[in-house]
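Chains, contacts and geometry: an overview
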Amino acid sequence: MLKALNKSLHDALSEDEKVILLGEDIGTLGGVFRVTDGLKAEFGEHRVVDTPLAESGIVGTAIGLAYRGYRPVVEIQFDGFTYPAFDQLVSQLAKLHYRSRGRVKMPVTVRIPYGGGIGSPEHHSESPEAYFAHTAGLRVFAPSSVEDAYAMLRQAITCDDPVIFFEPKRRYHEKTEAELGVVQPDASPKAKIIRSGTDVTMVGYGPTTYTLIDAALAAEDEGISLEVIDLRSLDPLDIDTVAQSVQRTGKLVVVHEASRTSGLGAEICAEITERCFDYLEHAPLRVTGFDVPYPPSRLESHHLPDLDRVMHAVDTVMRHHEASEGAAQ
Amino acid sequence: MPIVSTQHMDVAAGSLPTHQLLNVDGKRIPDEELDHYLKDLKEADLADFLRDMVVLRRMDNEATALQRQGQLGLWAPLLGQEAAQIGSVRATEDDDFIFPSYREHGVAWARGVQAEDLLSVWRGAQASGWDPNEVNIACQQIVIGSQALHAAGYGMGIKFDGGEQVSVAYFGDGATSQGDVNEAMVFAASYQAPVLFFCQNNQWAISEPVALQSRTHIADRAHGFGLKTWRVDGNDILAVYAATKAALAHARHGLGPTFIEAVTYRMGSHTTADDPTRYRKAEQLEEWKAKDPIDRLVKYLHEMGADVQSYEQRAQNAADDMAAKLRAAITTMEDPKVEELFSNVYAQPHEPTERAAKNYLDYLADFEGGE
Ligand SMILES: Cc1ncc(C[n+]2csc(CCOP(=O)(O)OP(=O)(O)O)c2C)c(N)n1
């Protein structure tokens, strides 16, 4: 995935001279994760800019560059350091198109490596996506596969709206055989059914998508068929794809690493309850991180939704289903 | 034309002088302003400084090795910054309150924090290695620059209470770019709060040289906020100690906040996950090795005619003891109990968290029972 993101930035820089990268350590070092490796050497320090160590400064100046006609792509070094830039993201970037009555475009992409499971210290494993999905004016993308990482980053950069682009750092070393470079020019990627099934609709995004694929395989052994949906875009949410699936399966489990309360799971469950009430055979369930500050790494395996917790939710929605079928006989 | 020269600063004439009381050969250089603050230092204190720096260097080596062996998730080396840390913290009083970043292991250790408690955080076994109220040091801070505002607020509290203490914020050169550090200086200056901002300019913020953060000496900037400021050779423990004493005295006399730029060098990698060969030249490291803070103090002790061998032996023994105890503790350290995942989220009873904890523990119990 690192190579795919690097190629995506490379291709965007080559195609549009208004694309400019900004961030801490992205130039000479190539980023702490090496996503921008080699780009400064190829495109020069006017296109790949090492910035002072100031997140509010990075996003705030990106806004100024966008006023000037640039398409800035900024890197926030780690999820937990997004918050110093929060004011510029939420009070400024998100609102300028609206505030200017459409006269100002803010084609800024904010790349954020996010999520846990890599044994990091504090502030290096956060899942802040709900803050941004909650803010009108921002689009929020969260690719899970290598192909999507490439294509969706290209889409984000060509989008005239600001896009918060969450990169699942746990999957950075994921590889692919597929050829990269095919990009649909839609401003918001649709959710994708990455495994079809008939019993339960399983919804995830980013790093948890893989847990869901594992769950589908495990469930298959138990004779349960899971349909796995990768949301890809968190704002806008492609709720139609989820609703159509739930109308077939009657059951929904949403999985994310972020804390439970007021998270995206709550939004998805509420939407589906409104739209599919008559189809539901069990209340939609959420499997999420707990409502605790991200714990020390030796406890993170409990915090992150694992295969067991996901299967437990699957069993819960299925048991109820079996029980009610039994009662009907 | 390059976008910025990241190699050179535009240091204007009239910039603050860089105090050095010990040159690289360990020769004492008189300093009109700072000499006064060394008058109480005895040879025994210097021997203690030597021991502290040797133990710290050993702790740093041990931690780096433990990280390589998978015992720690990460480590941020302080190699090369021993004089900046020991010289400054030894000048503070125990009731001065310190707000450190993630690299101030020496500061915490000198205040009595055990090496294994420090390392347990880097292992991911604990969220914090000490009780802030016990050692008067806030939790280590990873978010760059945040602690400067906390120090300013604490200093305002001292001022409002009419206390004698000083609050001290430690941060790096990169941190001076953050809004928080600049806001902290505004607050401290506006309220004339007893705060010492102690910047260890170790030349690098991960891969970014200090010239990318500041076009002038960092000390000159602080001056503009109305802070009394010193720039010192951070590898010269006498200069660091004396300037810190001066800064603390200034604050204690009700004369307002101060700033010290200690010019030093991070000889190791930024963290154990970093590869400095990508961004810095080997010659630079060699250049700074010649300015090593420990060597310099040893040379000075020789100059004084002290029994250096016995001091070095004593330092070595202390380092060996610390290392043995550290290894024994870290390699047998147990993982935290799962209950701790939910503890201390709130200070007062919080029903949803308690319910979540109970549900999860029940689930685990069921699971173990069911398997
Ligand atoms: C707000 C924030 N942004 C980014 C980071 C990632 N980061 C960790 S250390 C560091 C460099 C800090 O440099 P400096 O302030 O000079 O202190 P040093 O590490 O050299 O002691 C960066 C960018 C962070 N911890 N916090």
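Since the model is a prediction, treat every value here as computed from it, not as a measurement. (Residues numbered from 1 in each chain as written. Chains lettered and ligands numbered in written order. Predicted model: local features only at pLDDT ≥ 70, side-chain atom pairs only at ≥ 80, totals over all residues. Heavy atoms only, no water.)

Details of the pairing of strand S9 (residues 226–230) of chain A
All names here are of chain A.
- Within S9, five of the five residues are buried, which leaves the element mostly enclosed by the surrounding structure.
- Neither face of S9 is open: one carries Leu-226, Val-228 and Asp-230, the other Glu-227 and Ile-229, and all of them are buried.
- Of the strand pairs in this sheet, strand S7 (residues 192–195) and S9 are connected by three bridges, and their pairing is antiparallel. Pairing of Ile-193 across the sheet is with Ile-229, part of S9.
- Where strand S8 (residues 200–204) and S9 come together, five bridges link them in parallel fashion. By the bridge assignment, Thr-201 is partnered in S9 with Glu-227.
- After leaving S8, the chain enters helix H8 (residues 208–221) and then returns to the sheet as S9, a path that is right-handed. (Buried < 20%, exposed > 50% of the residue type's maximum accessible area, 1.4 Å probe, protein only. Helix = DSSP H or I, 4+ residues; strand = E, 2+ residues; numbered from the N terminus. Pairing = 2+ DSSP bridges. Right-handed = clockwise from strand over helix to strand, strands pointing away.)

Topic: the packing of helix H1 (residues 43–68) of chain B against helix H11 (residues 293–304) of chain B
Residues and elements named next belong to chain B.
- At a minimum axis distance of 10 Å, the contact between H1 and H11 shows a crossing angle of 155°. Judged by the angle between their axes, H1 and H11 are roughly antiparallel. Two packed elements cross with a definite hand, and for H1 against H11 that hand is left-handed. Packed against H1, whose contacting residues are Glu-43, Leu-46, Phe-49, Leu-50, Met-53, Val-54 and Arg-57, the element H11 presents Pro-293, Ile-294, Leu-297, Val-298, Tyr-300, Leu-301 and Met-304 at the interface.
- The residue makeup of the contact of H1 with H11, split by class, is 12 nonpolar, no polar and two charged. (Axes fitted to C-alpha atoms, helices over the stretch in contact; angles between N-to-C directions. Parallel < 35°, antiparallel > 145°, perpendicular 65-115°, else oblique. Left-handed = near helix turned anticlockwise from the far one by under 90°. Contact = heavy atoms within 4.5 Å. Nonpolar A, V, L, I, M, F, W, Y, C, P; charged D, E, K, R; others polar.)

Things to note about the interface of chain B and chain A
- Facing the 43 residues of chain B at the interface are 39 residues of chain A.
- Here chain B and chain A share two salt bridges between them.
- Between Asp335(B) and Arg298(A) there is a salt bridge, with its nearest N and O atoms 3.6 Å apart.
- Where chain B packs against chain A, one counts 13 residue pairs in polar contact (both at pLDDT 80 or more).
- Looking at the side of chain B that touches chain A element by element, the count peaks at four residues for helix H13 (residues 351–370) of chain B. (Salt bridge = Lys/Arg side-chain N within 4 Å of Asp/Glu carboxyl O. Polar contact = N/O pair within 3.5 Å; in protein donor to acceptor, adjacent residues only side chain to side chain.)

With respect to the packing of aromatic side chains
- For the coordinates displayed, the defined rule picks out 24 aromatic pairs over all chains.
- The interplanar angle of 50° and the centroid separation of 4.9 Å between the aromatic rings of Tyr114(A) and Phe166(A) together place this pair among those described as tilted. With Tyr114(A) in strand S4 (residues 109–114) and Phe166(A) in strand S6 (residues 163–168), the pair connects residues that are 52 residues apart, well separated along the chain.
- Of note, Arg171(A) hangs over the ring of Tyr210(A), and the distance from its end group to the ring centre comes to 3.4 Å.
- Cation over ring: Lys291(B) sits above Trp288(B), and NZ or CZ is 4.0 Å from the ring centre. (Phe/Tyr/Trp six-rings, centres within 6.5 Å; stacked < 30°, edge-to-face > 60°. Lys NZ or Arg CZ within 6 Å of the ring centre and 35° of its normal.)

Quick notes on the pairing of strand S7 (residues 228–233) of chain B
All names here are of chain B.
- Most of S7 is tucked away, with five of its six residues classed as buried.
- Note: strand S1 (residues 18–19) against S7, two bridges, orientation parallel. Across the sheet, His-19 pairs through a bridge with Val-232, a residue of S7.
- A crossover connection joins S7 to the parallel strand S8 (residues 258–263) through helix H9 (residues 237–252); in handedness this β-α-β unit is right-handed.

Description of the pattern of salt bridges
Residue and element names in this part refer to chain A.
- Applying the stated rule across the entire model yields 38 salt bridges over all chains.
- Residues Lys-192 and Asp-148 are paired through a salt bridge, measuring 3.8 Å at the closest nitrogen-oxygen approach. Taken together, the residues Lys-192 in strand S7 and Asp-148 in helix H7 (residues 146–158) connect sequence positions 44 residues apart.
- Overall, the relative accessible area of 39% leaves Lys-192 in the partly exposed class.
- Across the pair Glu-271 and Arg-275 runs a salt bridge whose closest N-O atoms are separated by 3.4 Å. Within this pair, Glu-271 and its partner Arg-275 are both found in helix H10 (residues 264–276), separated by four residues, close to a single helical turn.
- Glu-271 gets classed as partly exposed once you look at its relative accessible area, which sits at 23%.

Observations concerning the site of the ligand
- In the neighbourhood of the ligand, 21 residues make up the surrounding shell, with Glu55(A), Tyr102(B), Arg103(B), Ile142(B) and Gly174(B) lying closest.
- Nearby residues place the ligand at the junction of chains A and B.
- Take Gln77(A): an N or O atom from its side chain is 3.5 Å from a nitrogen atom of the ligand.
- Asp173(B) places a polar side-chain atom, nitrogen or oxygen, 3.1 Å from an oxygen atom of the ligand. (Near = heavy atom within 4 Å.)

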